[in-house]
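Each chain, written out:
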Amino acid sequence: MPGLLEKRRSDRDEGTIPTAGMADIAFLLLIFFLVTTTINVDTGIGMTLPPKLKPEQTPPPVKERNLMNVLVNASGDVLIDEEEARVAEIRDRVKSHVLNFGQDPSLSASPDDAVISIKTGAQTPYNTYIEVLDEVWMAYREIWDQIARTNQLPGPDGGSAGLDQTYSSYREYYNQLGPDEDNQIRDTFGAQISIAEPDTGE
Amino acid sequence: MASQKFQRGSSSTEPEFTTASLPDIVFMLLIFFMVATVLRETDIKVRTQLPQAEALTKIDQKRLISKLHIGPLKRGENKGETAIQIDDALIENRRTIRQIMYRKLQEQPKLIVSLKVDQESEMGIVNEVQQELREANALRINYSSNREGPPPS
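Residues numbered from 1 in each chain as written. Chains lettered and ligands numbered in written order. Predicted model: local features only at pLDDT ≥ 70, side-chain atom pairs only at ≥ 80, totals over all residues.

### Focus on the overall build of chain A
Put simply, the rule reads: Starting at the N terminus, helices and strands are each numbered in turn, a helix being any DSSP run of H or I of at least four residues and a strand any DSSP run of E of at least two. For every residue, the other C-beta atoms within 10 Å of its own C-beta are counted; 20 or more classify it as buried, 12 or fewer as exposed, and values in between as partly exposed. C-beta atoms are placed from the backbone. Throughout, a pair of residues is in contact if the C-beta atoms placed from their backbones lie within 7 Å.
The helix and strand tally for chain A stands at six helices and six strands. Across chain A, helices and strands are ordered from the amino to the carboxyl terminus as α-α-β-β-β-β-α-β-α-α-α-β. Here chain A, with 202 residues, has 24% of them falling under the buried criterion. Within chain A, contacts between residues separated by at least 24 positions form 59% of all contacts whose residues are at least 6 apart in sequence.

Structural data, given as structure tokens:
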């Protein structure tokens, strides 16, 4: 009798759960999640809308020379400061406007004062608007690229941009920034792009 | 001599892979994909074919984003009229956008409104939505767009 008990116990000890099927189950789940996963990061053009003005407030004055008006109409024609222009021209026009440093009296007095204003008609296709906005942003990007490469601010009395090293492009500089670090380039050389108040139909 | 060789080949010790750690590896992958998966995608009722742009920025913090879709209603083959959709609901009255956005802003002060606008939409409706967002003081927006041309290698 005790011999039989002994035998049973030793039998039970050897019993194990077969784990061979575990991998199959895990694979099945894995394939399900693989198929359903979409790893997409939202990309886009970031903008900040101007805050709502109180009724008694008037918009802050901007000197005529510092303002670059970009108008886009329904058929995709672009008007820069009352002059007809092509979309491809915008980038260079913005750069020369921003990096004028007071030389040309009709262009901006300094990069900090320069404002690019984009105004669209109600019938303007969204596609055209993004194209124009993209060109304006790319003008700033190219200036920032230059700053990142040389660690020098543009202009006659440029000076250092305060970076600890030079980068091959603005993107590279931007990507190495930590979440709480300040963007030195944008702080020293900001972009003022404004979306003009739409006409109220008067 | 020959028989000795034969015996060595058919020795009782069968070579085997140890598959004990296979489930572990698979589970690790499984957990990764489970975490990365967003199961409940909102049912988008409007067509949004995004425009293409070059000067893009990435938004890594998905928590901050609230999506707002503008585009023609999906109605089979033919295009419907332009509509606005926030989360799961179509917006009938544009005046309600400010209330919805105001509430979202209370929950998440660093809210970014991602505007997913169909590229054939007209600026009239986009401007209207932007005015509503200004009313709600939701000023951080993002014009969602795709990268131009082939992706950088």
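### Here's the deal with the overall build of chain B
Check the secondary structure of chain B and you find four helices and eight strands. Ordered by position in the sequence, the α and β elements of chain B form the string α-α-β-β-β-β-β-α-β-α-β-β. Taking all 153 residues of chain B together, 25% fall into the buried category. Summarising the internal contacts of chain B: among those between residues at least 6 apart in sequence, 78% fall at separations of at least 24.

### Brief notes about the packing of helix α3 (residues 96-107) of chain B against helix α4 (residues 123-136) of chain B
Residues and elements named next belong to chain B. In plain terms, the rule: Only the stretch in contact is used when fitting a helix axis, every axis being a line fitted to C-alpha atoms; angles between N-to-C directions are given from 0 to 180 degrees. For this classification, under 35 degrees means roughly parallel, over 145 means roughly antiparallel, 65 to 115 means roughly perpendicular, and everything else is oblique. Helix crossings fall into two classes, left-handed where the near helix is turned counterclockwise from the far one by less than a right angle and right-handed where it is turned clockwise. For this scheme, ten residues count as nonpolar: Ala, Val, Leu, Ile, Met, Phe, Trp, Tyr, Cys and Pro. Four count as charged, namely Asp, Glu, Lys and Arg, and the remainder, Gly too, count as polar.
One way to put it is that α3 packs onto α4 with a least axis distance of 8 Å and a crossing angle of 45°. Relative to α4, α3 is oriented oblique. The way α3 lies across α4 gives a crossing that is right-handed. Contacts from I97, R98, M101, Y102 and L105 of α3 reach α4 at V129, E132, L133, E135 and A136. Of the residues contributing to the contact of α3 with α4, the split by class is seven nonpolar, no polar and three charged.

### Brief notes about the interface of chain B and chain A
So the rule is basically this: A pair of strands is treated as paired once DSSP finds two or more bridges between them.
With 47 residues of chain B at the contact, the number on the chain A side is 40 residues. Here the side of chain B that touches chain A takes nine residues from helix α2 (residues 22-36) of chain B, the largest share from any one element. Partitioned by chemical class, the residues of the side of chain B that touches chain A number 24 nonpolar, 13 polar and ten charged. As paired elements, strand β1 (residues 42-48) of chain A and strand β7 (residues 140-144) of chain B share five bridges and run antiparallel to each other. Within β7 of chain B, the residue paired with G46 of chain A across the bridge is N142 of chain B.

### Focus on the nonpolar core
The condition that has to hold: In plain words, the nonpolar core is the set of buried Ala, Val, Leu, Ile, Met, Phe, Trp, Tyr and Cys residues that C-beta atoms within 7 Å link up.
Counting residues in each nonpolar core, the largest one holds 50 residues, and the members touching the most others are V70, I118, V132, L133 and V136 of chain A together with V113 of chain B. For this core, the leading source of residues is helix α4 (residues 126-150) of chain A, giving 13 residues. What V136 of chain A contacts, discounting residues up to four positions off in sequence, is I90, V94, I116, I118 and I193 of chain A.

### What to know about the environment of P125 of chain A
You can see P125 of chain A is positioned in the loop between β5 (115-120) and α4. A tally of 20 C-beta atoms within 10 Å means that P125 of chain A is categorised as buried. Sequence-wise, P125 of chain A and S75 of chain A are 50 residues apart; in three dimensions their C-alpha atoms are separated by 8.1 Å. Filtering out sequence-adjacent residues up to four positions away, P125 of chain A remains in contact with G76 of chain A together with E120 and E122 of chain B.

### Things to note about the confidence of the model for chain B
The following threshold applies: Per-residue confidence from the predictor is reported as pLDDT, which spans 0 to 100.
When pLDDT is averaged along chain B, the result is 79; 83% of the residues meet or exceed 70. Predicted as a complex, the structure gets a pTM of 0.75 and an ipTM equal to 0.72.

### Describing the pairing of β5 of chain A
Residues and elements named next belong to chain A. As paired strands, strand β2 (residues 67-72) and β5 are joined by six bridges and run parallel to one another. What sits directly across from M68, in β5, is I116. Sheet topology note: the β5/strand β6 (residues 193-195) ladder contains three bridges and is parallel. Within the sheet, the bridge partner assigned to S117 lies in β6 and is S194.

### A short note on the environment of E14 of chain B
Here E14 of chain B is to be found in the loop between α1 (2-9) and α2. C-alpha of E14 of chain B to C-alpha of Q52 of chain B: the two residues are 38 residues apart in sequence and 60 Å apart in space.

### Some words on unusual backbone geometry
Residue and element names in this part refer to chain A. In this structure, D81 takes a positive phi of about 45° despite not being glycine. Looking at D81, the number of C-beta atoms within 10 Å reads 15, which means it is partly exposed. Phi is positive for E82, which is not a glycine, with a value near 65°. When the 7 C-beta atoms within 10 Å are taken as the criterion, E82 is described as exposed.

### Details of the confidence of the model for chain A
A low pLDDT score tells you not to read the predicted coordinates there in detail. Considering every residue of chain A, the mean pLDDT works out to 79; 89% of them sit at 70 or more. Across chain A, element-level confidence peaks in α4 of chain A with a mean pLDDT of 88 and bottoms out in helix α1 (residues 2-14) of chain A with 57.

### Brief notes about the pairing of β1 of chain A
Where β1 of chain A lies against strand β2 (residues 57-59) of chain B, three bridges are found, and the strand directions are antiparallel. Bridge pairing in β2 of chain B places T43 of chain A opposite K58 of chain B.

### Things to note about the packing of helix α3 (residues 90-98) of chain A against α4 of chain A
Residue and element names in this part refer to chain A. At a closest axis distance of 8 Å, the pairing of α3 and α4 adopts a crossing angle of 50°. One way to sum up the angle between α3 and α4 is to call them oblique. Taken as a pair, α3 and α4 cross one another with a handedness that is right-handed. On α4, the residues that touch I90, R91, V94, K95 and V98 of α3 are V132, E135, V136, M138, A139, E142 and I143. Tallied by class, the residues present in the contact of α3 with α4 amount to eight nonpolar, no polar and four charged.

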